[in-house]
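Residue-level structural notes
Letter by letter, the chains look like this.
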Amino acid sequence: MSAPHLSERFIHLGLGAKAVEEPPFAGMEWYAAYGARHAADGAEGRLVSQYTFTESWTAWEMHPAGDEVVICTHGAMALVQEFAGGQVVTTPLVAGEYAINPPGVWHTADVPDSATAIFITAGEGTQHRPR
């Protein structure tokens, strides 16, 4: 039996210190089903996911319910955060480095070549907007 790969099967960290293996990721519609499966955990639930990027993000996102941890595990990326009042902060990340997106901070990423990152996200109420 082989172990699941985080880029294909995310993990939900829930109430009572539970870790739940999620069904295979199948595109953006997957998130709505995830929210329904774990709605009872509210803002305390966390999604652990991994993505590999070969280009900069085309959208901004924001998580109002809690912090998001972004851990670069391979390559390089620049996390771009837009704070209340319009201040924009760019944080370069290479493998082994991390950044935290505070609640309510819009963020996106620039990826010059390729980067893989793990995200630990308080996803309740997540919003998106075009970049």
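Cut-offs used in this document
Residues numbered from 1 in each chain as written. Predicted model: local features only at pLDDT ≥ 70, side-chain atom pairs only at ≥ 80, totals over all residues. Heavy atoms only, no water. Helix = DSSP H or I, 4+ residues; strand = E, 2+ residues; numbered from the N terminus. Contact = heavy atoms within 4.5 Å. 1 Å grid on protein atoms, 1.4 Å probe; cavity = no way out; pocket = protein on both sides within 12 Å on 5 of 7 lines; lining within 4 Å. Points joined across faces, edges and corners; volume = space filled by probe spheres on them. Nonpolar A, V, L, I, M, F, W, Y, C, P; charged D, E, K, R; others polar.

Right, let's get into the environment of Thr116. Here Thr116 is to be found in strand 9 (residues 115–121). The spatial distance from the C-alpha of Thr116 to the C-alpha of Trp30 is 20 Å, given a sequence separation of 86 residues. In contact with Thr116, not counting residues within four places along its chain, are Gln50, Tyr51, Thr52, Ile71, Cys72, Thr73 and His74.

On to the layout of surface pockets. Here the largest pocket defines a volume of roughly 790 Å³. Tyr31, Glu61, His63, Thr126 and His128 are the residues nearest the centre of the largest pocket, which is lined by 31 residues in total. Of all the secondary structure elements, the ones that give two or more residues to the lining of the largest pocket are helix 1 (30–37), strand 3 (46–53), strand 4 (59–62) and strand 9. If you tally residues by element for the lining of the largest pocket, the top one is strand 3, at five residues. A class-by-class count of the residues in the lining of the largest pocket yields 13 nonpolar, 13 polar and five charged.

The values are spatial; any link to function lies outside them.
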